[in-house]
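What follows is the residue order along each chain.
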Amino acid sequence: MIEPVIYINNLDHYFGKGALRKQVLFDINLEINIGEIVIMTGPSGSGKTTLLTMCGGLRSAQSGSLKVLGTELCGASAKQLTISRRHHGYIFQAHNLHESLTALQNVKMGLELHPDISVAEMNQRSIEMLELVGLGDRVNYLPENLSGGQKQRVAIARALVSQPKILLADEPTAALDKQSGRDVVDLMHKLAKEQDCTILLVTHDNRILDVADRIIYMEDGRLAKAPDLQKVS
Amino acid sequence: MLKIIQNLTRRTPLGWLQLTQHKSRFAVAISGVAFADLLMLMQLGFQGALFDSAVILHSKLTADVFIISPQALNIGAMSTFPRRRLYQAMDITGVKSAEPMYVNLVTWKNPQTRDKKNLIIVGFNPDRPIFNLPEVNSQLDKIKQSDVLLFDRKAIGAYEKVVESVDDGKAVTTEIERRTVSVNGLFSIGSSFSADGHLMTSEDNYLRLFSRQSSGNINVGLLTLNPGYDPTQVVQQLKAYLPRQDIKVLTKEEYIAFEQGYWQQQTPIGPIFNLGAIMGFIVGVIIVYQVLSTDVNSHLREYATFKAMGYSNTYLLGIVFEEALILAVVGFIPGLIVSLGLYTVVGGATNLPIAMTVFRAAQVLAGTLIMCMLSGAVATSKVQAADPADMF
Ligand SMILES: Nc1ncnc2c1ncn2[C@@H]1O[C@H](COP(=O)(O)OP(=O)(O)OP(=O)(O)O)[C@@H](O)[C@H]1O
Ligand SMILES: [Mg+2]
């Protein structure tokens, strides 16, 4: 039997300490299998980002079980979390490219973490990745000279260049207009399918729900059965 | 080691790219470091010049061993000891000759402006030259005449006409201690921190000027050794042989160290310049800290992103230290060039022997590296604040 890529069991999460302690995630149970594209949606403040950051090892899990690629992240040390992050690709709402680096250098930062790749190979793979996202002619541009959609595509290239097993994205289309948003999602979809990558994507944008294999719905810190999807957003 | 170099070559030079992206900001940062370096180099330069100029006369003496009074402070205040000790010193094997030197600070009237100025005056036996200054040694006949002096053409002050006139063979007269004296010749030594320049004359002329000093009480005893004798050993023998209470025996190195030690310890001049250099250091720390912390602050999002990608804190700290290192090295170069220029200007204006030494340049470069690393270390505390969990 193939182990799920993400396995969550009885996960709770609290913010704050003492009297201010507030529970934001309640008894989450979720399994995501290899190659699946899962979209998580739900009202603002329901805990979607919190769950996503925990899956990505950006926030440590406190109680319950959270296994990502077979590694238990509940109670993991800061060092273990840092290492686990190297196996994921992230796409943020903002592109978060480094302003001093060209598109190519930004993408290369996604590879430098992996010590066994030579400089020549890093350059080649980064350029190929930029070509895949349609920016083959913008390789040496600084972010300030790229449009919003182009920047988000560089961010996708950076997230996927190391061929991660998991891609996590939090509202990747929120800062984009309708057409670029659609293009970006299609691109993620296509590349992930090619690389057999599992995607967990948070969005409020119901125009892109069609790429999902499965849609999960978060409400008040609990995973619920998805209601009528047209009401969401 | 090989692995570190390998890692460096495949690493994107983030610090360099971050610093150089904003050209004007980078230029300001570099000038800040250069300015701090300039302050340090000038202060240490002045200090070095002080200690070099303090022994400018000493370095011209040919003697191997020196006898001075235990009360001696510096070249302008040597106190006296009995001349007898010189004759006794001759008993030690290896001592070839023992000559007295009279030396004191003297106030003379600048012949050109009639202003009172301080000079160091040296009196010695014109039949026994004590300096390795060919210009002096060729004019010893002049100072055998009474009240005739030789004057330092490199003395600071308005002396152009005096120099011109003496060079033309016309003696210039002036007053010392209410006595009329005549300058008949010139030589070159230069100013020191204790005086604007030097005068030389015979011991007889000297004693006529300082009528309270008798010929039996001398300021410095100059011993020359026969070839093959080690000054350190002769000094040991002299110390054992001569009565300890009224003299001190020194090798040339020790005598130079004695004079420099005076200016270093007994006057605030050394600490003042050290303080100046420390100020430069602190200015540098503040400037570099400003630059680095602004830079870290404006890149917190990117740093958090890198952390989210799996880069460690150490890697991000490395960026800050890379920037610190770049600022130190790139800022040092203009700092060094400008101070070399200023050394020439100041040296020309004051006749102070102010010169750049490899040691000082290395010292300041090391100081700059420490300065930048220190600021970098403080600035990195902000890197920890970049929390990838806040990125989504
Ligand atoms: N660092 C934090 N400290 C304390 N409380 C927090 C923190 N981050 C989030 N919260 C709270 O946790 C709850 C869940 O927040 P979360 O950001 O996960 O919601 P979300 O579903 O992503 O919302 P949105 O759709 O607006 O992005 C909210 O009530 C929020 O106020
Ligand atoms: Mg959110």
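For clarity, every value in this text was computed on a predicted model and none was experimentally measured.

Engineer: Give a description of the overall build of chain B that names residues and reports values.
Structural biologist: Within chain B one finds 14 helices and 11 strands. A globule of 392 residues ought to have a C-alpha radius of gyration of about 21 Å, yet chain B, at 29 Å, is considerably larger. A principal-axis box enclosing the C-alpha atoms of chain B has dimensions of 95 × 50 × 30 Å. For chain B, the residues scored as buried account for 53% of the 392 residues in total.

Engineer: Residue-level account of the interface of chain A and chain B, with values.
Structural biologist: Interface size, as often reported, equals the accessible area lost upon joining of the parts. Every contact between the two is made by 34 residues of chain A and, on the other side, 26 residues of chain B. Taking both sides of the interface into account, the surface hidden between chain A and chain B amounts to around 2,700 Å²; carbon and sulfur atoms contribute 58%. The largest share of the area that chain A buries against chain B comes from His98, Met109 and Glu112 of chain A, three residues that together contribute 22% of it. Inspection of the chain A/chain B interface yields zero salt bridges.

Engineer: Kindly report on the site of ligand 1, identifying the contributing residues and their values.
Structural biologist: Residue and element names in this part refer to chain A. Not every one of the 13 residues close to ligand 1 is listed here, only the nearest: Ser44, Gly45, Lys48, Thr49 and Thr50. Contact between ligand 1 and Lys48: an oxygen atom at 2.8 Å from a side-chain N or O atom of the residue. A distance of 2.6 Å separates an oxygen atom of ligand 1 from a polar atom in the side chain of Thr49. Here ligand 1 loses 62% of its free accessible area of 630 Å² to cover by the protein chains. Only strand 2 (22-32) and helix 1 (48-55) provide two or more residues apiece to the shell around ligand 1. At three residues, helix 1 tops the list of elements feeding residues into the shell around ligand 1. A class-by-class count of the residues in the shell around ligand 1 yields three nonpolar, seven polar and three charged.

Engineer: Give a detailed account of the packing of helix 11 (residues 269-298) of chain B against helix 14 (residues 358-379) of chain B, specifying residues and quantitative values.
Structural biologist: All names here are of chain B. Contact pair helix 11 / helix 14: the axes reach a minimum separation of 8 Å and the direction vectors enclose 40°. Taken together, the axes of helix 11 and helix 14 lie oblique to each other. Of the two possible hands of crossing, helix 11 and helix 14 adopt the one that is right-handed. Across the interface between the two elements, Phe281, Gly284, Val285, Val288, Tyr289, Leu292, Ser293 and Val296 from helix 11 touch Gly367, Ile370, Met371, Cys372, Leu374, Ser375, Gly376, Val378 and Ala379 from helix 14.

Engineer: Let's hear about the pairing of strand 7 (residues 179-187) of chain B: which residues, and what values?
Structural biologist: Residues and elements named next belong to chain B. Sheet topology places strand 5 (residues 148-152) next to strand 7; five bridges connect them, and they run parallel. Paired with Asp152 across the two strands is Phe187, which belongs to strand 7. Pairing geometry for strand 6 (residues 172-176) and strand 7, over five bridges, is antiparallel. Note that in strand 7 the partner of Thr174 across the bridge is Val181. Hairpin connection between strand 6 and strand 7: a loop of two residues separates the two successive antiparallel strands, and Glu177 in this loop has a positive phi of roughly 50°.

Engineer: Break down the nonpolar core for me, citing the residues and quoting the values.
Structural biologist: Grouped together as the largest cluster of nonpolar side chains are 47 residues, with contacts concentrated most on Met109 of chain A together with Tyr303, Phe306, Leu327 and Met371 of chain B. Not counting residues up to four positions away in its chain, the partners in contact with Tyr303 of chain B are Gln18, Asp295, Val296, Leu316, Ile319, Val383 and Ala386 of chain B.

Engineer: Account for the UniProt feature "transmembrane region" (unreviewed entry) in chain B, with residues named and values stated.
Structural biologist: Residue and element names in this part refer to chain B. With numbering aligned to this structure, UniProt lists the feature "transmembrane region" (unreviewed entry) at residues 26-46, 61-81, 272-292, 324-346 and 358-379. Along residues 272-292, the helical share is 100% and the strand share 0%, with 30 Å between the first and last C-alpha atoms. Counting secondary structure, residues 358-379 comes out at 100% helix and 0% strand; the distance between its end C-alpha atoms is 31 Å.

Engineer: Which residues make up the domain arrangement of chain B, and what values go with them?
Structural biologist: Residues and elements named next belong to chain B. In terms of domain boundaries, chain B breaks down into domain 1 (12-53 + 268-391) and domain 2 (70-246). Using C-alpha coordinates to define each centre, domain 1 is positioned 47 Å away from domain 2. Listed per partner, the contact involves eight residues of domain 1 and six residues of domain 2. Across the interface of domain 1 and domain 2, roughly 570 Å² is buried in total on both sides, 63% from carbon and sulfur atoms.

Engineer: Hey, could you go over the UniProt feature "domain: ABC3 transporter permease C-terminal" (unreviewed entry) in chain B for me, with residue numbers and the actual values?
Structural biologist: Under the local residue numbering, the UniProt record ascribes the feature "domain: ABC3 transporter permease C-terminal" (unreviewed entry) to residues 277-383 of chain B. When the span residues 277-383 of chain B is considered, its composition is 86% helix and 0% strand, and the gap between its end C-alpha atoms is 31 Å.

Engineer: Residues and numbers for the environment of Gly331 of chain B, please.
Structural biologist: Residues and elements named next belong to chain B. Structurally, Gly331 can be placed in helix 13 (residues 313-350). Its relative accessible area of 0% is what places Gly331 among the buried residues. Residues Gly331 and Ala27, 304 residues apart in the sequence, show an inter-C-alpha distance of 9.3 Å. With residues up to four places along the chain from it excluded, the contact list for Gly331 reads Ile30, Val33, Ala34, Asp37 and Ile326.

Engineer: Before we move on, could you go through the sheet that holds strand 8 (residues 198-202) of chain A and cite the residues and values that matter?
Structural biologist: Residues and elements named next belong to chain A. Read across the open sheet, the six strands follow the order 6-7-8-3-9-10; overall the sheet is mixed. Each edge of the sheet is formed by a strand with only one pairing partner; in this case those strands are strand 6 (88-91) and strand 10 (222-224). Here the average twist between neighbouring strands, direction ignored, is 25°. Strands in contact with helix 1 are strand 3 (37-41), strand 6, strand 7 (166-170), strand 8 and strand 9 (214-219); relative to strand 7, the strand with the most contacts, it is inclined by about 155°.

Engineer: Let's hear about the pattern of salt bridges: which residues, and what values?
Structural biologist: Residue and element names in this part refer to chain A. Counted according to the given criterion, the structure contains 18 salt bridges over all chains. Between Glu36 and Arg214 there is a salt bridge whose closest N-O contact spans 2.9 Å. Placement of the pair is Glu36 in the loop between strand 2 and strand 3 and Arg214 in strand 9, with a sequence separation of 178 residues. On the accessibility criterion, Glu36 (15% relative accessible area) is buried. With a relative accessible area of 26%, Arg214 lands in the partly exposed category. Here Asp137 and Arg138 are joined by a salt bridge, their closest N and O atoms 3.0 Å apart. In this structure Asp137 comes out as exposed when scored by relative accessible area, which is 53%. Relative accessible area serves as the criterion here: at 23%, Arg138 is assigned to the partly exposed category. One salt-bridge network, in which partners are shared between bridges, spans Arg182, Asp186 and Asp210.

Engineer: A description of unusual backbone geometry should follow, citing residues and the corresponding values.
Structural biologist: All names here are of chain A. Phi is positive for Gln163, which is not a glycine, with a value near 50°. Within the secondary structure, Gln163 is located in the loop between helix 5 (148-160) and strand 7. At Asp196, a position not held by glycine, the phi torsion is positive, near 60°. Tracing the sequence through the fold places Asp196 in the loop between helix 6 (178-195) and strand 8.

Engineer: Which residues make up the confidence of the model for chain A, and what values do they have?
Structural biologist: When pLDDT is averaged across chain A, the result is 89; 96% of the residues are at 70 or more. Least confident of the elements in chain A is helix 6 of chain A, whose mean pLDDT is 85; most confident is helix 3 (residues 103-112) of chain A, at 95.

Definitions and cut-offs
- Residues numbered from 1 in each chain as written.
- Chains lettered and ligands numbered in written order.
- Predicted model: local features only at pLDDT ≥ 70, side-chain atom pairs only at ≥ 80, totals over all residues.
- Heavy atoms only, no water.
- Helix = DSSP H or I, 4+ residues; strand = E, 2+ residues; numbered from the N terminus.
- Rg over C-alpha atoms; globule rule 2.2 N^0.38 Å.
- Buried < 20%, exposed > 50% of the residue type's maximum accessible area, 1.4 Å probe, protein only.
- Contact = heavy atoms within 4.5 Å.
- Buried area = accessible area lost by both parts, 1.4 Å probe.
- Salt bridge = Lys/Arg side-chain N within 4 Å of Asp/Glu carboxyl O.
- Near = heavy atom within 4 Å.
- Polar contact = N/O pair within 3.5 Å; in protein donor to acceptor, adjacent residues only side chain to side chain.
- Areas by Shrake-Rupley, 256 points an atom, 1.4 Å probe, with all protein chains shown as cover.
- Nonpolar A, V, L, I, M, F, W, Y, C, P; charged D, E, K, R; others polar.
- Axes fitted to C-alpha atoms, helices over the stretch in contact; angles between N-to-C directions.
- Parallel < 35°, antiparallel > 145°, perpendicular 65-115°, else oblique.
- Left-handed = near helix turned anticlockwise from the far one by under 90°.
- Pairing = 2+ DSSP bridges.
- Core = buried A, V, L, I, M, F, W, Y, C linked by side-chain atoms within 4.5 Å.
- UniProt positions renumbered as here; feature names shortened; annotations may be inferred.
- Domains from an automatic or database assignment.
- pLDDT = per-residue confidence, 0-100.

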